[in-house]
Amino acid sequence: MPDFDFKEFTPEEDRIYTEAVTKYREAITAGKTLRQAYESTTITDTALEKMIQADFLKIMIAERHFSQKQPLETVAKDLGVSMDLLKDTCGRMLQEVGVSAANQFGREFGTLNPEASKTND
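It should be emphasised that the depicted structure is a prediction, and the values quoted were computed from it without experimental measurement.

**Some details on the side chain of threonine 41**
The topology assignment puts threonine 41 in the loop between helix H2 (34–39) and helix H3 (46–67). Under the relative-accessibility criterion, threonine 41 is labelled buried at 10%. In this structure threonine 41 touches Ala20, Lys23, Tyr24 and Glu49, once residues within four positions along its chain are discounted.

What follows is the structure in structure tokens.
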């Protein structure tokens with residue numbers, strides 16, 4: 001399983017993140033494409049900007065596809081992005097969830113003993 005480093009934001013980065021996501025949401029609600037939403041906000045730190053944009057796409061997928069049960073094709077069309085981008089992002093999201101779950105399991109229960117983890121099914 002791949003390693004993921006989840007960034008701890010400074011208070012200033014957290015403020016920038018929150019403001020950007022709010023502005024992106026407003027743009028999407030107004031019918032803008034994802035690219036247009038991203039262009040609606042200027043973030044001087046390009047690394048932070050890329051991270052926020054990647055997170056926002058994940059938020060849109062989580063809300064629209066997983067929560068609202070919209071087909072990925074509809075989400076792609078509404079956001080003006082390719083299906084390949086959505087599928088790649090979904091795959092990354094699921095990997096991140098798996099890594100987070102495994103890390104949490106490790107914190108709670110320690111290393112898993114392969115012999116002890118065999119099931120009867």
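Let's pick the thread back up.
**Describing helix H1 (residues 11–29)**
Taking 1.5 Å of rise per residue, the 19 residues of H1 would be expected to cover 27 Å, and the 27 Å separating its terminal C-alpha atoms lies within 8% of that figure. The set of residues buried in H1 consists of Glu13, Tyr17, Ala20, Val21, Tyr24, Ala27 and Ile28. In a view along the axis of H1, the buried residues occupy a sector of 125°, so they form one face of it. In H1, the exposed positions that point more than 90 degrees away from the buried face belong to Pro11, Glu26 and Thr29. Check the buried side of H1 and you find it contacts H2, H3 and helix H4 (72–79). Just downstream of H1, glycine 31 is the residue with a positive phi angle, here 95°.

**Regarding the pattern of salt bridges**
Inspection of every chain in the model, using the stated rule, returns 6 salt bridges. Note that arginine 25 and glutamate 63 form a salt bridge whose closest N and O atoms lie 2.7 Å from each other. Within this pair, whereas arginine 25 is found in helix H1, its partner glutamate 63 is found in helix H3, the two being separated by 38 residues in sequence. One salt bridge connects glutamate 96 with lysine 58, and the closest N-O pair in it is separated by 2.8 Å. In this pair, glutamate 96 is assigned in helix H5 (residues 83–109) and lysine 58 in helix H3, connecting sequence segments 38 residues apart. The exposure class assigned to glutamate 96 is buried, which follows from its relative accessible area of 13%.

**Observations regarding the environment of aspartate 55**
Of note, aspartate 55 is situated in helix H3. The spatial distance from the C-alpha of aspartate 55 to the C-alpha of methionine 93 is 9.6 Å, given a sequence separation of 38 residues.

Conventions used here
Residues numbered from 1 in each chain as written. Predicted model: local features only at pLDDT ≥ 70, side-chain atom pairs only at ≥ 80, totals over all residues. Heavy atoms only, no water. Helix = DSSP H or I, 4+ residues; strand = E, 2+ residues; numbered from the N terminus. Buried < 20%, exposed > 50% of the residue type's maximum accessible area, 1.4 Å probe, protein only. Contact = heavy atoms within 4.5 Å. Expected span 1.5 Å × (residues − 1). Arc of directions from axis to C-beta. Salt bridge = Lys/Arg side-chain N within 4 Å of Asp/Glu carboxyl O.

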